[in-house]
Amino acid sequence: MELRKKPLAQIISVMAAFFGGAPVSHAQTDAAADGALEEIVVTGIRQSLKRSLETKRDASSIVDAINAEDIGKFPDTNVAESLQRISGVSISRESGEGKFISIRGLGPAFSPVTINGRTLTSGFTGTPSSINLFQGSGREFAFNVLPSELIAGLEVYKTPTADLVEGGVGGLVEVKTRRPLDFDDTTLAASLKGTYDEGSETTEPTGSVMYADQFADETVGVLLNGTYAKRSTTSDRYWGWGWEQGGVHDLSQPTTVDPDTGNVSNTSNPEGWYPFEDVYNNVTDSSERYGINGSLQFRPTDELEIVVDGLFTNTDAERVDYAQAVRWTAGGLTPQGNPQPALGVDVNGNPITARNRKPFRLFDSIVDANGKLISGNTGTSGVQVAPKTELTFTTTDTLALGTNATWESDQWTISGDVSYSKAESDFELKAANFIGYAPVSYTANGSAPAVYTSSANLADPTLYHFKSLDLRRLRVEDDELAFKLDADYQLDMDFVTSLEFGVRVAERNKTSNNERVDDAHSGGTGIYLNSGDLTLADFLTTTSGGSGSVISNDGSAGNFLVPVAQNVFDHFDAANATYVQRQNEFFDISEETRAAYVRLNFDQEFGDMALSGNVGVRYITTDITATGASPTSFTADRANGTVETVGDFRTVDTNYSHTLPSLNLRLDLTEELALRFGAARTLTRPNLSAMAPRAKISAGGGNVSVNVGNPDLKPFESDGYDLSLEYYFSDAGLLSGAVFYKDVGGFVFNNTLQNQQFLGQTVEFLTIAENAASAKIKGYEIGYQQAFDFLPGFWGGFGMLANYTYIDSSTEFNNGQANAGQSFAFEGLSEDTYNLTGYYEADGLSVRLSYNYRSEFLEFGKFLFSSRTIDAYGQLDLSASYDVNEDVSLTFDAVNLTDDEVRSYDGGFDDFTSVSYHNGRRFTLGVRAKF
């Protein structure tokens, strides 16, 4: 067997010749016409891209796709990171790994995921921290639980057809797994890799194995596929609660305080901005994930095929978060039960307290032209310096089972499918909180995190006193049982070629149940859990492994003290603590959907041109049963902030129906030039947690606030239009352009009303989720792909891909709303995204360099005090493989070579930094074999 080798010098020259990258293989599939993958052929980058152009050219709707380049070899080790290389698709990451996708500016809840045409349910998808605990129980699918080695291909539908499952205003992602009769012979494939993470300085294993065989004259096929992956990553992070525009007062100037309220009456900078609370974290994320999928395929005749598929993945993740915060505005008592020390006295001798944060009070304070605090100090008085150790544990199991039977005759194709998907997540949070007091000086540092210094001995563990434990558990369950029946009848007509029709019935249920050890948390009351006067010194303090500190003695970035969490848990016997259900955070939502569709396919030649496409309509009804905790009466103490409720769980039934027409046209102007048009009405159902009939009542500051869910929320509905032109100038060359427009209604916003009646009492603030706004989204996409195989010799191995997407939106609140006619900020939408990929493939060597970029986008229209924007981000990735022989290949991957900063800022000001960290680089070396 001939060994194919390349000299080192030639490899280096290939690498040096590369230019920045983008879409990997756009192996696009007309799944609307044929849901099966083509026969599996061993290919590399070039052949995969050629097949993708052939499929795209024949498609009757606008579909982009990515296929595995070989068995167990997906373009990227993470599924979401492969999808981002498709025009119009952007992603968000967690700990440097792709997690969620957005399609044409619409977030993950607007882009459902199916596997072999069946819904994939999702468990807890939130970030593992106390801050984001309740943001992960929606409809969005987290791709980091899905091993790429199990996948044969991905398809992204940008225009729907009537037979597709509804739910994708943004688009629909279809995941394809392998089938055993797609192989020509018995096949065994395996891979083993080691990944080095620059942040954690660890190397962890990844492996996969696949076996496929055929029996009984190739009428029976069996496929088994298994994967395992372990990962550990560490990063130093700055995270801020936000900038508040509450005024900044310079205590070096004469100060007058109202003795009754403590408010400063002569604020020196009434429009000033200041940081509410700054936190430095040293975060280590560790995870283990394994996946198994299998397929049994039975094809006794040419007319009948029966397939049974199954997929199971398990992900166990642990996060250790060492944190240190400077809480400028914290009020309440010291750990010893004493009032916080005053900042001084005013001109009349009244004490200047730190408890009331508006305006912000510092000595020698300076603000810039935007009112941002530049510098200041607390004098001899202290502010809270709070070390914390927070541990989170998340286990997610995802199961997908399905059986499909298809019968074909000369004119009929009839298919029946039964599927079941279930996701379960168990999330646990355990945190040990300490606080101390220290004088602080503050100095802004441009767009970088600010510098804090203190004259206190920050390395003295007795400075920090025990405050509280935070013990929580969350369980999320999501399951769906579905049945569908599809029929395709071939018509003997000149224009209309076939008639498709079918029905689908599904029942989905999602439950979220949160528990907490109530007496383990101080809740801001100043009660410190029988702690006596415990300090960090009582719990064998450790030093965080990070290089960043929010505060130090000399202004340098250094380590900080944190508690050994297990010692604190053991002291308070946390293992035997009694958890109590948080009823107002519980929900159980059941959705029963029934859908019927009809679709006509047509094809007609007009001289040298040909027109093809489909027109159809899908009608759906949805019945919802929503359960949540709802009080029947309550008593609130507005001064002391206590609320007592009487009530029980309440169940509400509601329903709605929708008609969704669709049209897809393809006009072949010449053999090389195709014009496409798509028009469709689509919908996305509202967030499940927002529909729970539950009420949360809180009191404080003289007010009572009530936040209620709304089971009567209606779906988002969109009318969308697409127009594209595609020029295929060679078998591996494409130049394309597309424009798109969506008119989306039904956006859900929390509407807050003042002085409303609730359960027979007047409450100052009543907040309810409502369909309150609409948006118009428009944009264009440009794509270019070419293999330079027309060049002589060595240069013929090169090729490139590039695409660019521009998106714009206009938004406004609906009539009848408090903000009617006003615009609102559209979250998650990047105006510019682009991808660049250069590759080389020849003589057994494949190298691909890809760069992906998305411009800044709004993360929250309002976080706490103002907006929060995620800054522009770009990432450069490298993938290479070398065929040792026909059966064995060596692989190398490098992720995030440029290690760009992940950064957010508040209030629309670029230097109001609120988040800053680096994910670090990852390098993977492996071997892949196929027999």
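The shown structure was predicted, so the numbers you read here are calculated from the model rather than taken from an experiment.

**Regarding the confidence of the model for the chain**
Part 1 of the reasoning: Confidence along the chain averages 83 in pLDDT terms, with 86% of residues attaining 70 or more.
Part 2 of the reasoning: Mean pLDDT across the secondary structure elements of the chain bottoms out at helix 1 (residues 8–17), with 34, and peaks at strand 32 (residues 673–684), with 95.
Part 3 of the reasoning: Note that residues 1–42 has pLDDT below 50 and, in this model, 137 contacts with residues that lie over four places away or in other chains.
Part 4 of the reasoning: Note on residues 521–528: pLDDT is under 50 here. Beyond four places in sequence and across chains, it has 14 contacts.

**Here we look at the environment of Phe-434**
Part 1 of the reasoning: Mapped onto the fold, Phe-434 is located in strand 21 (residues 412–438).
Part 2 of the reasoning: Between the C-alpha atom of Phe-434 and that of Leu-536, which follows or precedes it by 102 residues, the distance is 7.5 Å.
Part 3 of the reasoning: Here Phe-434 is in contact with Val-385, Ala-386, Pro-387, Tyr-464, His-465, Phe-466, Lys-467, Thr-535, Leu-536, Phe-539, Pro-563 and Val-568, once residues within four sequence places are set aside.

**Considerations on the pattern of salt bridges**
Part 1 of the reasoning: In total, this model carries 46 salt bridges according to the counting rule given.
Part 2 of the reasoning: The residue Glu-305 makes a salt bridge to Arg-299 at a minimum N-O spacing of 2.8 Å.
Part 3 of the reasoning: With relative accessibility at 31%, the residue Arg-299 sits in the partly exposed group.
Part 4 of the reasoning: A salt bridge links Asp-808 to Lys-778; the shortest N-O distance between them is 3.9 Å. Placement of Asp-808 in strand 38 (residues 798–813) and of Lys-778 in strand 37 (residues 761–787) is noted, with a sequence separation of 30 residues between them.
Part 5 of the reasoning: Taken together, the shared-partner salt bridges connect Lys-56, Asp-64, Arg-104, Lys-158, Arg-676, Asp-722, Glu-726 and Glu-781 into one network.

**A word on a nonpolar patch on the surface**
Part 1 of the reasoning: A surface patch of nonpolar side chains, about 860 Å² in accessible area, is lined by Trp-407, Trp-412, Ile-414, Val-418, Leu-481, Phe-483, Leu-485, Phe-501, Val-503, Val-598 and Val-617.
Part 2 of the reasoning: Relative to the assigned elements, Leu-485 resides in strand 24 (residues 465–490).
Part 3 of the reasoning: With a relative accessible area of 40%, Leu-485 lands in the partly exposed category.

**Remarks on the environment of Asn-885**
Part 1 of the reasoning: Relative to the elements of secondary structure, Asn-885 occurs in the loop between strand 43 (873–883) and strand 44 (888–895).
Part 2 of the reasoning: Residues Asn-885 and Gly-844 lie 41 residues apart in sequence; the distance between their C-alpha atoms is 8.3 Å.
Part 3 of the reasoning: Within the structure, the side chain of Asn-885 is placed 2.8 Å from the backbone nitrogen of Asp-887, a separation counted as a polar contact.
Part 4 of the reasoning: Here Val-888 takes part through its backbone nitrogen, which lies 2.9 Å from a polar atom of the side chain of Asn-885.

**Structural notes on unusual backbone geometry**
Part 1 of the reasoning: Unlike most non-glycine residues, Glu-201 shows phi in positive territory, near 55 degrees.
Part 2 of the reasoning: Looking at the element boundaries, Glu-201 is found in the loop between strand 8 (187–197) and strand 9 (202–215).
Part 3 of the reasoning: Of note in this structure, Asn-755 is not a glycine but carries a positive phi near 55 degrees.
Part 4 of the reasoning: Take Asn-755: it is sitting in strand 36 (residues 733–758).

**Thoughts on the packing of aromatic side chains**
Part 1 of the reasoning: Under the criterion given, the structure shown has 33 aromatic pairs.
Part 2 of the reasoning: Relative to Tyr-851, the ring of Tyr-834 lies with its centre 6.1 Å away and its plane at 40 degrees, an arrangement referred to as tilted. Placement of the pair is Tyr-834 in strand 39 (residues 832–842) and Tyr-851 in strand 40 (residues 845–854), with a sequence separation of 17 residues.
Part 3 of the reasoning: Judged by relative accessible area, Tyr-834 falls into the partly exposed class, the value being 28%.
Part 4 of the reasoning: Residue Tyr-851 is classed as buried on the basis of its relative accessible area of 19%.
Part 5 of the reasoning: Sitting above the plane of the Tyr-917 ring, Arg-237 keeps its charged end 4.4 Å from the centroid.

Here is what the cut-offs are and how they apply
- Residues numbered from 1 in each chain as written.
- Predicted model: local features only at pLDDT ≥ 70, side-chain atom pairs only at ≥ 80, totals over all residues.
- Heavy atoms only, no water.
- pLDDT = per-residue confidence, 0-100.
- Helix = DSSP H or I, 4+ residues; strand = E, 2+ residues; numbered from the N terminus.
- Contact = heavy atoms within 4.5 Å.
- Salt bridge = Lys/Arg side-chain N within 4 Å of Asp/Glu carboxyl O.
- Buried < 20%, exposed > 50% of the residue type's maximum accessible area, 1.4 Å probe, protein only.
- Patch = residues over 30% accessible without salt bridge, like charges linked within 9 Å, V, L, I, M, F, W, Y side chains within 5 Å.
- Areas by Shrake-Rupley, 256 points an atom, 1.4 Å probe, with all protein chains shown as cover.
- Polar contact = N/O pair within 3.5 Å; in protein donor to acceptor, adjacent residues only side chain to side chain.
- Phe/Tyr/Trp six-rings, centres within 6.5 Å; stacked < 30°, edge-to-face > 60°.
- Lys NZ or Arg CZ within 6 Å of the ring centre and 35° of its normal.

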